[in-house]
Amino acid sequence: MSAPQIPNLHTLRRGVGRRGGRGRGVASGVAESNNETNQTRKDAIVQSTDTDAATSRLSAVEAGYLDDPFAKLLTHGGNVDRRLPLMNRGTYVRTVAIDRLVDEFLRSTRKCARQIISLGAGSDSRFFRLKTKYPDICLSYHEFDFPTNTAAKIHQMQTPSFAHSLKGLCNMDLPSSSTSLSNDGAQNDSFQLQADSCHYHLHPLDLRTLTNPKRNQDQINLSGLGISLDVPTLLLSECCLIYLPPEDADSVLSYFTSAFHPAIPVAVVIYEPIRPHDAFGRTMVSNLTARGIHLQTLHAHDSLAAQKERLGKHGLGSMAGKETGGAEAADIDFIWQTWIEEAEKGRVEGLEWMDEVEEWRLLARHYCVAWGWRETSDNVIDSVFEPWAQLPMQDEGA
Ligand SMILES: C[S@@+](CC[C@H](N)C(=O)[O-])C[C@H]1O[C@@H](n2cnc3c(N)ncnc32)[C@H](O)[C@@H]1O
């Protein structure tokens, strides 16, 4: 079940050794630089998890689970080894679950402007799928990731085949002055696409910069990044916040959710692993640790209840008075069983023979989608998140 794209830790470690200076009496400047190198190495491993996500997506597309012409165009190299059937099914359920929450949000806000902010979006193709599905959509879509990853995405977007699909499927043009990359491959300007009232913005930014005044020397803020603070907003973290230290993940969530006035409908959707304490969970964690990947918030938000509580702490959840809200979470096994119609399940089951049914259920119980929202009941617009409250809910004990 281990993913094939293992970061080259050997090469990365060698880099540290060469620059090192570990003897006694090391000047504090050197120690600081070692810390930085360490952090850079850790960040590189986190950045590389996007290759896994993109590979899994493309595998699920090529096996017929998902219909996504952009997955191949946004994946570096464009060809991948097929994942195991249970991995493909996991990618499928995760994608359709988040798509459903996004679709409900777009449907209920169809009369007004709205925006989606995707944290650690990597090579995700959701914006382009949405624009293809809803050609006249009025939407601002903001993606954040490290400059290295946004640069790679921009590179893929500048290929002729991507430009062709963008025009044909989304009726969008690439900007005429194509963005160039700096020597280290970083792309420090944000990248934008626009067609009528639909905007796509790619922000090359470590999310921790936003919440840390020491790092944020340019005083970057949401308005400066073109994010509107007065329209209904959906925040997505699809396997992103889990890689941040718990206090940073909390600061990022709080930074975004508290930026909006309480009268503005705001929601958060999180997809990430849970249940690290049983045998499967322990194996999952140790397999990832062997690859240098640390799921830093996993123990802090280790169950459906903990995920709901987390959303509640950020002001999303049941409220008193005029404000309404909710916080829910379900694992992938539950979502597969209850959110997906029988005919569609039959189609998916017919795609590949799956020997490992028990393993599938185990794996699927260790990943969850959590969604929380808040709005005011006397809002001039109809309730945005009412449809979310109608989704099948999982009882933690189930
Ligand atoms: C597992 S990938 C998921 C990519 C995408 N959300 C998806 O599901 O296909 C995690 C992504 O989060 C990004 N990420 C993690 N920490 C981040 C941070 N502090 N700032 C910006 N991006 C971050 C990584 O660079 C990576 O692209």
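Look a little higher up for the structure.
Residues numbered from 1 in each chain as written. Predicted model: local features only at pLDDT ≥ 70, side-chain atom pairs only at ≥ 80, totals over all residues. Heavy atoms only, no water.

Which parts of the structure should I look at to understand the packing of helix 4 (residues 85-108) against helix 5 (residues 126-133)?
The relative placement of two packed helices comes down to the angle between their axes together with the axis-to-axis distance. One way to put it is that helix 4 packs onto helix 5 with a least axis distance of 12 Å and a crossing angle of 50 degrees. Between helix 4 and helix 5, the angle is such that the two are oblique. The hand of the helix 4/helix 5 crossing is right-handed. Contacts between helix 4 and helix 5 involve Thr-95, Ile-98, Asp-99, Val-102, Asp-103 and Leu-106 on the former and, on the latter, Arg-126, Arg-129, Leu-130 and Lys-133. Residues belonging to the contact of helix 4 with helix 5 are distributed by class as follows: four nonpolar, one polar and five charged. (Axes fitted to C-alpha atoms, helices over the stretch in contact; angles between N-to-C directions. Helix = DSSP H or I, 4+ residues; strand = E, 2+ residues; numbered from the N terminus. Parallel < 35°, antiparallel > 145°, perpendicular 65-115°, else oblique. Left-handed = near helix turned anticlockwise from the far one by under 90°. Contact = heavy atoms within 4.5 Å. Nonpolar A, V, L, I, M, F, W, Y, C, P; charged D, E, K, R; others polar.)

Looking at this model, I keep getting lost on the sheet that holds strand 2 (residues 139-145). Mind explaining?
Either a parallel or an antiparallel arrangement is found when strands of a sheet pair, and the pairing is made through backbone hydrogen bonds. Here we have eight strands laid out as an open sheet, ordered 3-4-2-1-5-6-8-7, and mixed in their pairing. Two strands bound the open sheet, and with one partner strand each, they are strand 3 (191-195) and strand 7 (323-331). When the angles between neighbouring strand axes are averaged without regard to direction, this sheet yields 10 degrees. Of the pairings in the sheet, the one linking strand 2 to strand 4 (residues 198-204) comprises seven bridges and is parallel in character. Of the residues in strand 4, the one forming a bridge with Asp-145 is Pro-204. With respect to the sheet, helix 5 is in contact with strand 1 (115-119), strand 2, strand 3, strand 4 and strand 5 (233-238), its orientation differing from that of strand 4 by roughly 175 degrees. Its contacts with the sheet put helix 11 (residues 304-313) on strand 6 (266-273), strand 7 and strand 8 (367-376), and the angle it makes with strand 7 is roughly 155 degrees. (Pairing = 2+ DSSP bridges.)

Can you help me understand the environment of Phe-385 in this one?
Here Phe-385 is to be found in the loop between strand 8 and helix 15 (386-389). Residues Phe-385 and Glu-104, spaced 281 residues apart in sequence, show a C-alpha to C-alpha distance of 7.8 Å. If we ignore the near neighbours within four places in the chain, the residues touching Phe-385 are Phe-105, Pro-265, Val-266, Ala-267, Trp-373, Arg-374 and Glu-375.

Can you walk me through helix 11 in this structure?
Along an α-helix, residues three or four apart share an orientation, since each turn contains 3.6 residues. Here helix 11 has its buried residues at Leu-304, Ala-306, Gln-307, Arg-310 and Leu-311. Projected onto a plane normal to the axis of helix 11, the buried residues spread over an arc of 165 degrees and lie on a single side. Gly-315, located one to two residues past helix 11, shows a positive phi value of around 80 degrees. (Buried < 20%, exposed > 50% of the residue type's maximum accessible area, 1.4 Å probe, protein only. Arc of directions from axis to C-beta.)

What exactly am I supposed to notice about the site of the ligand here?
Taken together, 22 residues lie near the ligand, and Arg-94, Gly-120, Asp-145, Asp-206 and Leu-207 sit nearest. Between the ligand and Asp-145 there is a distance of 2.6 Å, counted from an oxygen atom to a side-chain nitrogen or oxygen. Asp-206 has a polar side-chain atom sitting 2.9 Å from a nitrogen atom of the ligand. Protein chains shield 98% of the accessible area of the ligand, which is 590 Å² for the free molecule. A total of six residues in the shell around the ligand trace back to one element, the largest contributor, which is helix 2 (residues 28-62). Split by residue class, the shell around the ligand holds ten nonpolar, five polar and seven charged. (Near = heavy atom within 4 Å. Polar contact = N/O pair within 3.5 Å; in protein donor to acceptor, adjacent residues only side chain to side chain. Areas by Shrake-Rupley, 256 points an atom, 1.4 Å probe, with all protein chains shown as cover.)

Everything listed here is a matter of geometry and, on its own, says nothing about what the molecule does.
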